[in-house]
Amino acid sequence: MRIDILTVLPDLLVSPFSHSILKRAKEKGVAEIYVHNIRDFATNKHKSVDDYAFGGGAGMVMMIEPIVLCMEHLQSQRKYDEIIYMSPDGELLDQKMANSLSMLKNVIILCGHYKGIDERIRRHFITREISIGNYVLSGGELAAAVFVDTVIRLLPGVLNDETSALSDSFQDDLIAPPVYTRPADFRGLKVPDLLISGNTPEIEKWKHEQSVERTKKRRPGMFKE
Ligand code: ADE
């Protein structure tokens, strides 16, 4: 999967993709992530990427031209399946959406800033708008990092144990069961006896029951669905 991220703050996106799982995904060639500075496509002499809103109103608006030039530059090299705009009023990201988007080959992600982006970009160039939650971030970069992490870890070969993404919370509409590691007794805080019994069928049954219990308690709406 190839992801091209368009931003005015490329530095914000260096660290999230330089560690752990996402780093491994890039090293293995499973995911290619490129960050593009929209300012590199500004055509005016001040290299500005935002301007005052027509009709007034507080806040600057991201200009259409540099964004479209950057998109066209990328689209001249390959076909993109989706052009996503990270926006608080987009479709809410969940595990099902992440699963389906992880099947795509080439994706552009546009990170917004200031008061928003020129509406013509949303109407004529964006194919999908995604929100990571009902709250407003200062920009789309952190949202893009969350989205990319959620999707990339699902790609085959990214996680060491391929089954581990399948047993994530939400994958089967259930929250994952509790997990424990050594020591089995920490200052009297004990791991459930069953987990050290070696009785695999009973342990699996227990894990499922725990998942069901947790889901009923923490996400009753999800359980009913
Ligand atoms: N940009 C600002 N807030 C956002 C959010 N909640 N989700 C996606 N993009 C955003």
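See above for the structure.
In short, a report on the structure. Being a predicted model, the structure only gives us computed values, none of them experimental.

Thresholds applied
Per-chain numbering applies: the sequence of each chain, read as written, is numbered from 1 onward. Given that this is a predicted model, residues contribute local features only at a pLDDT of at least 70 and side-chain atom pairs are listed and counted only at 80 or more, while totals for whole chains, interfaces and linings are drawn from all residues. Water and hydrogen atoms were dropped before computing side-chain values, which therefore reflect all heavy atoms in the structure. The secondary structure listing takes helices from DSSP runs of H or I that are at least 4 residues long and strands from runs of E that are at least 2 residues long, numbered from the N terminus. Radius of gyration: C-alpha atoms only; globule rule: 2.2 Å multiplied by the number of residues to the exponent 0.38. We get accessible surface area from the Shrake-Rupley algorithm with a probe of 1.4 Å; when it comes to residues, only the shown protein chains can shield them. We count Lys and Arg on the positive side and Asp and Glu on the negative side, and we leave His and both chain ends out. Here the site of a charge means atom NZ of a Lys, CZ of an Arg, CG of an Asp or CD of a Glu. Put simply, a nonpolar core is a bunch of buried Ala, Val, Leu, Ile, Met, Phe, Trp, Tyr and Cys residues held in one set by side-chain atoms that sit within 4.5 Å of each other. Exposed residues in this analysis have more than 50% of their type's maximum accessible area, buried residues have under 20%, and partly exposed residues fall in between, with area computed by a 1.4 Å probe over protein chains only. Throughout, a contact is declared for two residues whenever any of their heavy atoms are within 4.5 Å. It suffices for a single heavy atom of a residue to lie within 4 Å of a molecule or strand for the residue to be listed as near it. Side-chain atoms alone can form a polar contact between residues adjacent in sequence; in general such a contact is a pair of N or O atoms within 3.5 Å, and within protein one must be able to donate a hydrogen while the other accepts it. Take the residue count of a helix, subtract one, and multiply by 1.5 Å to get its expected span. Any two strands are treated as partners once DSSP identifies two or more bridges connecting them. Here the axes come from fitting lines to C-alpha atoms, over the contacting stretch only for helices, and the angles between their N-to-C directions go from 0 to 180 degrees. Throughout this description, the term salt bridge denotes a Lys or Arg side-chain nitrogen within 4 Å of a carboxyl oxygen of Asp or Glu.

It is worth spelling out the overall build of the protein chain at this point. Counting its secondary structure elements, the protein chain contains eight helices and nine strands. Here the C-alpha radius of gyration of the protein chain, 22 Å, is well above what a compact globule of 225 residues would show, namely 17 Å. In terms of principal-axis extent, the alpha carbons of the protein chain reach across some 70 × 40 × 35 Å. Accessible surface computed for the protein chain: about 13,400 Å², of which carbon and sulfur atoms make up 53%. Of the side-chain charges in the protein chain, 29 are positive and 31 negative, and the distance between the mean point of each set is 3 Å.

To continue, consider the nonpolar core. In terms of nonpolar packing, the biggest core is built from 32 residues, with Ile 5, Ile 109, Phe 147, Val 148 and Ile 152 touching the most fellow members. Mapped onto this core, the elements with two or more residues apiece are β1 (2-7), α1 (20-27), β5 (82-92), α3 (95-101), β6 (106-111) and α5 (141-152). Among the elements that line this core, the one with the most residues is α5, at seven residues. What Val 148 contacts, discounting residues up to four positions off in sequence, is Ile 3, Ile 5, Phe 17, Leu 22, Ile 33 and Ile 109. Counting 18 residues, the second-largest nonpolar core is a separate cluster that includes Ile 38, Val 49, Tyr 80 and Ile 117.

The next point concerns the site of the ligand. By nearness alone, 13 residues border the ligand, and Ser 87, Ile 132, Gly 133, Tyr 135 and Leu 137 come closest of all. Measuring from a nitrogen atom of the ligand, one finds a backbone N or O atom of Ile 132 at 3.0 Å. A distance of 3.0 Å separates a nitrogen atom of the ligand from a polar atom in the backbone of Leu 137. When isolated, the ligand has an accessible area of 260 Å², and the protein chains bury 96% of it. The set of elements that each furnish at least two residues to the shell around the ligand consists of β5 and β7 (128-131). Counting residues per element, the shell around the ligand draws most heavily on β5, which supplies three residues.

Quick look at helix α7 (residues 200-218) now. Here α7 contains 19 residues, and its C-alpha end-to-end distance of 26 Å stays within 8% of the 27 Å for a straight helix at 1.5 Å per residue. All of the buried residues in α7 are Ile 203, Trp 206, Ser 211, Val 212 and Thr 215.

A separate point is the sheet that holds strand β2 (residues 32-37). Whenever strands of a sheet pair, they do so through backbone hydrogen bonds, lying parallel or antiparallel. The sheet built from five strands is open, its strands ordered β2-β1-β6-β5-β7 with parallel pairing. Sheet topology places β2 and β7 at the edges, where each strand pairs with a single neighbour. Ignoring which end each strand starts from, the neighbouring axes of this sheet average 30 degrees apart. Relative to β2, β1 is paired through six bridges, and the arrangement is parallel. When the sheet's bridge partners are listed, Ile 3 is paired in β2 with Ile 33.

A few words on the environment of Arg 122. Tracing the sequence through the fold places Arg 122 in helix α4 (residues 119-124). Using a relative accessible area of 19% as the deciding quantity, one classes Arg 122 as buried. Separated by 41 residues in sequence, Arg 122 and Asp 81 place their C-alpha atoms 16 Å apart. Excluding residues that lie within four positions of it along the chain, Arg 122 makes contacts with Tyr 85, Ser 87, Asp 89, Ile 117 and Glu 129. A polar contact of 2.7 Å, which involves the side chain of Arg 122, links it to the side chain of Glu 129.

What follows is about the pattern of salt bridges. A full pass over the atoms with the stated rule returns 12 salt bridges. The shortest N-O distance in the salt bridge between Glu 27 and Lys 23 comes to 4.0 Å. Of the two residues, Glu 27 and Lys 23 both sit in helix α1, four residues apart, roughly one turn of that helix. Note on Glu 27: relative accessible area 60%, which makes it exposed. Residues Arg 153 and Asp 168 are paired through a salt bridge, measuring 2.5 Å at the closest nitrogen-oxygen approach. Here the residue Arg 153 occupies a position in the loop between α5 and α6 (163-166), and Asp 168 occupies one in the loop between α6 and β8 (185-186), the gap between them amounting to 15 residues.

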